[in-house]
Amino acid sequence: MKATTLRIAGICLFAVFTSCTNNTENFFPAGNLNIGFDSEGKITGLIDADRNTEYAYPSNDPKSILAIRVNGNLEYPASFDIKEGEETIMLSYPKNGVEAEVKVIKKERYLTFELTSITKENEIELVLWGPFETNIKETVGETVGVVRNKDFSIGIQALNKRTLGGYPSDEDDSTPSFDIFGTTSLVDISDSLNILYRGHTALPKEYGSSLQAYTRNRDKDRVVRAMGHDNYVAPAFNDEGIVGSKIALFGCTPKEVLNTLEAIELGEGLPHPTIDGVWSKRAVSATSAYLIQDFSTSTIEDAISLTKKAGLQYLYHSGPFSNWGHFDLHEKAFPENWDSMKECVEKAEQEGIKLGAHTLSNFITTNDPYVTPIPDERLAKVGSSVLVNDINGEEKI
């Protein structure tokens, strides 16, 4: 009898949903979130299925599920159809004569959208998911891609390396950055403009917030503005292109956000780092305090002793590397390079201390063999020039 009652209640909720959103011809459940689309693919509903509460921002120009960019101009689809007998959305972009197919897979806690086919792929600069505009403004997680109020959360996740969480506002794919220590509040970053906080997978808006992701076509060399240079050469890169761009969307109560993010990581085969068997986002030790104290093979015992006196378990070196790229260690401090570091690690482990190092693994220093004396051909070029005369070893700028 209870099962019958629940089923009837579910049918009633569905009836309310469809009757209250006259422009919505299709809806898809993403956890507790019902996502509505009209016949043009415009997003017409972001509904908390449990409370029947609408969170889609009622814009006069609602965005669509997927836009394409050609010659610098975004085009949203003019038609949205579901292929009969399949969980596949067919989209049409008449201005550029493009047809696309998006596969939809429903999971228990979330929904995935994957671009599986598109015509004229070589002409398309990028594809943009959304933005999915909401009226939620209480908490906006710019980096993690989750917005929430006290009752409900809506999130977006990029599901592969070539799908970037965010909006392609810069051609170098950099993200907005803020210095949380340069503001008067560690909650409000609106007056902060520096480099210690980044992300725009979710963005705060006057009306609430938006969630977005995109994939860029990298099959051709591009010249972009980046890092203070006007003519930075971004070389072509074979990352399999825009087909395969994939996202997950979900809605749940705030207390279920972590559970949902973990389900997405595990369900989609994403990196799922653990510390002592505990997911890093839950592991208490992930936020443990640590001591920064430069050490060497000759001073490691003193550094370990100091760490233990401070009641800490983690000892970090501020900069053990003589270069970044190959990451050779400073010869004086570590005369046998990584064998010397291994010696330090083993001594620390015997005392219950874990060693670490501060570095930026995606940077290369100019003294690294990748750069000096002969630059590696895989390095990006800031710009290029044409020589008008021959030069020799005696020429100077």
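Computed from a predicted structure; not experimentally measured. (Residues numbered from 1 in each chain as written. Predicted model: local features only at pLDDT ≥ 70, side-chain atom pairs only at ≥ 80, totals over all residues. Heavy atoms only, no water.)

> Would you mind going over the overall build of the chain with me for this structure?
In terms of regular secondary structure, the chain is built from four helices and 27 strands. Considering the chain as a whole, with its 397 residues, one finds that 37% of them fall into the buried category. Within the chain, counting contacts between residues at least 6 apart in sequence, those at least 24 apart form 58% of the total. Accessible area of the chain: about 23100 Å², with a carbon and sulfur share of 52%. (Helix = DSSP H or I, 4+ residues; strand = E, 2+ residues; numbered from the N terminus. Buried < 20%, exposed > 50% of the residue type's maximum accessible area, 1.4 Å probe, protein only. Contact = heavy atoms within 4.5 Å. Areas by Shrake-Rupley, 256 points an atom, 1.4 Å probe, with all protein chains shown as cover.)

> I would appreciate a short explanation of the sheet that holds strand 2 (residues 33-37) in the present structure.
Sheet strands line up and pair through hydrogen bonds in the backbone, either parallel or antiparallel. One open sheet holds the four strands; their spatial order is 1-2-3-4, and the pairing between them is antiparallel. Looking at the sheet topology across the chains shown, the edges are occupied by strand 1 (26-30) and strand 4 (53-54). Sheet analysis places strand 2 next to strand 3 (residues 43-48), joined by five bridges and oriented antiparallel. Each residue of the ladder has a partner; that of Asn34, found in strand 3, is Ile47. (Pairing = 2+ DSSP bridges.)

> Would you mind going over unusual backbone geometry with me for this structure?
Following Gly130, the chain continues to Pro131 via a peptide bond in cis, the omega torsion being 5°. With respect to the secondary-structure elements, Pro131 resides in strand 11 (residues 126-134). That bond from Thr372 to Pro373 is cis: its omega, 5°, falls within 30 degrees of zero. Within the secondary structure layout, Pro373 lies in the segment after strand 27 (354-357).

> Would you mind going over helix 4 (residues 338-350) with me for this structure?
Because each turn of an α-helix spans 3.6 residues, side chains separated by three or four positions end up pointing in the same direction. Taking 1.5 Å of rise per residue, the 13 residues of helix 4 would be expected to cover 18 Å, and the 18 Å separating its terminal C-alpha atoms lies within 8% of that figure. Of the residues making up helix 4, those classed as buried are Ser340, Met341, Cys344 and Ala348. Down the axis of helix 4, the buried set is contained in an arc of 100°. They therefore lie on one face. Across from the buried face of helix 4, at angles greater than 90 degrees, the exposed residues are Asp339, Lys342, Glu349 and Gln350. Buried-residue contacts for helix 4 involve helix 3 (300-309) and strand 27. Note on helix 4: the residue one or two positions beyond its end, Gly352, has a positive phi of about 75°. (Expected span 1.5 Å × (residues − 1). Arc of directions from axis to C-beta.)

> Help me understand the confidence of the model for the chain, please; the structure alone is not making it clear to me.
Any segment with low pLDDT has predicted coordinates that should not be analysed in fine detail. Summing up the model confidence of the chain, the mean pLDDT is 88 and the portion of residues at 70 or higher is 88%. Residue range residues 1-22 is modelled with pLDDT below 50. Its contacts to residues more than four positions away, or to other chains, number eight contacts. In the predicted structure, residues 192-196 sits below a pLDDT of 50 and forms 17 contacts with residues beyond four places in sequence or in another chain. (pLDDT = per-residue confidence, 0-100.)

> What am I meant to see in the sheet that holds strand 26 (residues 314-317) here?
Read across the sheet, three strands follow the order 25-26-27 without closing on themselves; strand pairing throughout is parallel. The open sheet has two free edges, formed respectively by strand 25 (291-292) and strand 27, since each of these has just one partner strand. Of the strands in this sheet, strand 25, strand 26 and strand 27 are in contact with helix 3, which crosses strand 26 at around 135°. (Axes fitted to C-alpha atoms, helices over the stretch in contact; angles between N-to-C directions.)

> What am I meant to see in the environment of Asn323 here?
Examined against the element boundaries, Asn323 turns out to sit in the loop between strand 26 and helix 4. Leaving out residues up to four positions away in the same chain, Asn323 has contacts with Asp328, Thr365, Asn367, Asp368 and Pro369. Within polar-contact distance, the side chain of Asn323 engages the backbone nitrogen of Phe327 at 3.0 Å. One polar contact links the side chain of Asn323 to the main-chain amide nitrogen of Asp328, over a distance of 3.0 Å. (Polar contact = N/O pair within 3.5 Å; in protein donor to acceptor, adjacent residues only side chain to side chain.)

> What am I meant to see in the packing of aromatic side chains here?
Under the defined criterion, the tally for this structure stands at 12 aromatic pairs. Look at Phe37 and Phe80: their rings are 5.3 Å apart centre to centre, the planes differ by 25°, and that puts the pair in the stacked class. Pair noted here: Phe37 is in strand 2 and Phe80 is in strand 7 (residues 79-82), with a separation of 43 residues, a long-range link. Its relative accessible area of 0% is what places Phe37 among the buried residues. Of the residues examined, Phe80 reaches a relative accessible area of 3% and is grouped as buried. Consider the rings of Tyr290 and Tyr316, whose centres lie 4.3 Å apart with planes at 15°: the pair is stacked. Of this pair, Tyr290 sits in the loop between strand 24 (278-279) and strand 25 while Tyr316 sits in strand 26; the two residues are 26 residues apart in sequence, bridging distant segments of the chain. Put simply, the rings of Phe28, Phe37, Phe80, Phe113 and Trp129 touch in pairs and so form one group of aromatic residues. (Phe/Tyr/Trp six-rings, centres within 6.5 Å; stacked < 30°, edge-to-face > 60°.)

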